[in-house]
Amino acid sequence: MKTAATLPTPWFAPAWLVRFLRSPISTVVGSLLVLVVVAGVILAPLITHADPMALSSDTLLEPAWAHPMGTDDLGRDELARVLYGGRASLVIGLFSALLSVILGMTIGMVAGFFGGAIDETLMRITEAFQILPKLLVAVVVVSLIGSGLTNEVLVIGLLSWPATARVIRGRVQVIRHEEFIAAAEMSGASWLRVLVRHVAPNVVSFLLVSASLQVASAIMSESFLSFLGLGDPAHPSWGLLLQQGQLFLSDAWWLTTFPGIALAMTILGLNLLGDGVSGSRIVAGSRR
Amino acid sequence: MSEPVLSIRDLHVSFPTATVVQGVSFDVMPGEIVGVVGESGSGKSMTARSVLRLLPKSARLGGSIRFRGQEVLDMSPADIRAMRGALVSMVFQDPMTSFNPVLRIGDQIAEAMTLHGQKDRKTLSDRVASLLASVGIGNPKARARAYPHEFSGGMRQRALTAMAVANGPALLIADEPTTALDVTVQDQILQLMRDLNATSGTAILLITHNIAVVASLCRRLIVMYAGRVVEDGPTDEVLTAPRHPYTWSLLQSVPRLDRATGRLVAIKGQPPDPAEPLAGCKFHPRCPWVEERCTRDEPPLEDGVRCWVRPAL
């Protein structure tokens, strides 16, 4: 850590950039991919003036200057649909990952901290969730309660917390016996305070890894649901675009290729990022 | 004669597999520094941790521990929390692991005070700085913002001591506070404890297996063996004229610079396994003066010694 700081820094590169480029290659590539996707999705109105929902008579046009990614069977601009579709995918991915990480963290921390009967009970519940065929259950539940952003977030989030819970529980079991926990208890801290102030900050780095993988898998799950026709047509996501595009697979390759590339970039980027973070000093250090 | 700050009577600590403390009794007077020595597994740490009720869940406690006349073993969890860190606090053995690695040192010291009612940020940060200064950490305002890995072992142990005395406790329990430190740093920590005791009148219960540490700091010394107190008396008397064969053997095995002793004498044999009951005096299998009744009945602690024979040592 000292060496990086003392190495000469070129005038054109600020110190943080040098530090970033020195981090593992997977972190650099992963964060660049994610950055490109997120920037494109957020800056969609600046990139294209086309309306993703506006119909026109120019149906199934090949990619050209006017429509860089072509148009679909209803004459809608595919570039706009991919960019705006990313919003639905990313929002569902982020919020369901957030839900599952919060659930998994809470359950994992309580189970790991208290142990005994509480741990047994929580872990049996976790296993019960883990053995559920996740996508099948998601398909059934979404078709019963109806599609829509909120429902998809809830279903995906509620089905994907067990992995996080198990990772966090294992880590907390180690931290629980560290002397500083006894020291905090010795200072007169209640169990809730010990858990929130002393245990939680020590598992956050693990959550970072877990969360980035969780976002990737939630986006995949959402695409899967959309592909099976359970998406929300009012909020077209990449999965929905793929589903609509596969009808024209032989006539209009661009309708599946571009959403597919966007999806693959995001998933790959998030996985690389998670990988890079888990190998980085912060996480490796707290693992000891 | 004033009331003892801590009064332990017939304390028993047992686990499902073994009894590790049996019938320990002693008092600590206000402002007194009491040393407890014994080898690993003699029950000294368990005795100390019982005072704060910091034992594993499977431990069963018996007897009585009175802190300023109040029975600790009957306290509610809320009362115990109110006592911990405020009236009785503890310095742990390993300064490397006693701080949370992801929180700033100053915040952790401040937390000890926040938990006992002090909420004002300005007062807290001033108090943290003056505490760090009082344990000899230079530039305390800046150092309070440091993380534990930025402190050396000795600095951490001082910061830990600062944290332990933050609320001006009546009793400080130091569980092997110098074991993990260099000799020079050891000396600083001991001096720090001596100063604390002199300036604020905090009573100190010092748990150690290092006789030199006890000799330099404590006025009274308690020797433990196999979960029992075997000798209890003024430090200089215990060290120069031990009355229990175990204390004597222990002193024989300490290297000395002031006289040529030739080979060091090791105590033969092993301490008894707490899981297997042993009749009579617990030291009898290793005692050179063992008699027939030593193997049959356990001697009581009388006049500060637990021995039937009381050989002239």
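On a predicted model such as this, the values are computed, not experimentally measured, just so you know.

Visitor: Describe the overall build of chain B, listing the residues and the values that go with them.
Guide: Summing up its helical and strand segments, chain B has 10 helices and 10 strands in all. Dimensions of chain B, computed from C-alpha atoms along their principal axes, come out at roughly 70 × 50 × 40 Å. Burial status across chain B gives 45% buried among its 313 residues. Contacts in chain B between residues far apart in sequence, at least 24 positions, make up 63% of those at least 6 positions apart.

Visitor: Please give an account of the overall build of chain A that cites residues and values.
Guide: Along chain A, the regular secondary structure elements total 14 helices and zero strands. Along chain A, helices (α) and strands (β) appear in the sequence α-α-α-α-α-α-α-α-α-α-α-α-α-α when read from the amino end. C-alpha extents for chain A along the principal axes are approximately 75 × 60 × 25 Å. Counting all 288 residues of chain A, 44% fall into the buried class. In chain A, of all internal contacts separated by at least 6 residues, the share reaching a separation of at least 24 is 70%.

Visitor: Go over the packing of helix H5 (residues 78-114) of chain A against helix H9 (residues 162-175) of chain A, please, and point to the residues and values.
Guide: All names here are of chain A. Running from N to C, H5 and H9 cross one another at 35 degrees; their axes reach a closest spacing of 7 Å. Judged by the sense of rotation from one axis to the other, the crossing of H5 with H9 is right-handed. Here H5 contributes Ser-100, Val-101, Gly-104, Met-105, Ile-107, Gly-108, Met-109, Ala-111, Gly-112 and Phe-113 to the contact with H9, which in turn contributes Pro-162, Thr-164, Ala-165, Arg-166, Val-167, Ile-168, Arg-169, Gly-170, Val-172 and Gln-173. Taken together, the residues of the contact of H5 with H9 sort by class into 11 nonpolar, seven polar and two charged.

Visitor: Go over the confidence of the model for chain B, please, and point to the residues and values.
Guide: Residues of chain B with pLDDT of at least 70 account for 98%, and the chain-wide mean is 87. For this predicted complex, the interface score ipTM comes out at 0.70, while the overall pTM is 0.73.

Visitor: Now, about the packing of helix H12 (residues 238-245) of chain A against helix H13 (residues 254-279) of chain A: what can you tell me, with residues and values included?
Guide: Residues and elements named next belong to chain A. At a closest axis distance of 8 Å, the pairing of H12 and H13 adopts a crossing angle of 155 degrees. Taken together, the axes of H12 and H13 lie roughly antiparallel to each other. Seen from above, H12 lies across H13 with left-handed handedness. On the side of H12, the interface is formed by Trp-238, Leu-241, Leu-242, Gln-244 and Gly-245, while H13 contributes Leu-255, Thr-256, Pro-259, Gly-260, Ala-262 and Leu-263.

Visitor: An account of the interface of chain B and chain A is requested, with residue identities and associated values reported.
Guide: Taken together, the 21 residues of chain B in the interface contact 14 residues of chain A. When grouped by side-chain class, the residues that make up the side of chain B that touches chain A number 11 nonpolar, six polar and four charged.

Visitor: Let's hear about the environment of Leu247(A): which residues, and what values?
Guide: With respect to the helices and strands, Leu247(A) occurs in the loop between H12 and H13. With 174 residues separating them along the chain, Leu247(A) and Asp73(A) place their C-alpha atoms 9.7 Å apart.

Visitor: So what's going on with the environment of Ala138(A)? Which residues, and what values?
Guide: Residues and elements named next belong to chain A. Along the polypeptide, Ala-138 turns up in helix H7 (residues 134-145). Ala-138 gets classed as buried once you count the C-beta atoms within 10 Å, which come to 23. Linking Ala-138 and Ser-221, residues 83 residues apart in sequence, is a C-alpha distance of 8.6 Å. If we skip the residues at most four places from it in the chain, Ala-138 touches Val-155, Ile-156, Leu-159, Ser-221 and Leu-225.

Visitor: A description of the sheet that holds strand E10 (residues 228-234) of chain B should follow, citing residues and the corresponding values.
Guide: Residue and element names in this part refer to chain B. Spatial strand order, E6-E7-E8-E3-E9-E10: six strands in an open sheet with mixed pairing. Unpaired on one side and paired on the other, strand E6 (88-91) and E10 mark the two borders of the sheet. Adjacent strand axes in the sheet meet at a mean angle of 20 degrees when their direction is disregarded. Taken together, the four bridges between E6 and strand E7 (residues 171-175) define a ladder with parallel strand orientation. Considered in E7, the bridge of Met-90 is made with Ile-173.

What counts, and where the lines are drawn
Residues numbered from 1 in each chain as written. Chains lettered and ligands numbered in written order. Predicted model: local features only at pLDDT ≥ 70, side-chain atom pairs only at ≥ 80, totals over all residues. Helix = DSSP H or I, 4+ residues; strand = E, 2+ residues; numbered from the N terminus. Buried ≥ 20, exposed ≤ 12 C-beta atoms within 10 Å, placed from the backbone. Contact = placed C-beta atoms within 7 Å. Axes fitted to C-alpha atoms, helices over the stretch in contact; angles between N-to-C directions. Left-handed = near helix turned anticlockwise from the far one by under 90°. Nonpolar A, V, L, I, M, F, W, Y, C, P; charged D, E, K, R; others polar. pLDDT = per-residue confidence, 0-100. Parallel < 35°, antiparallel > 145°, perpendicular 65-115°, else oblique. Pairing = 2+ DSSP bridges.

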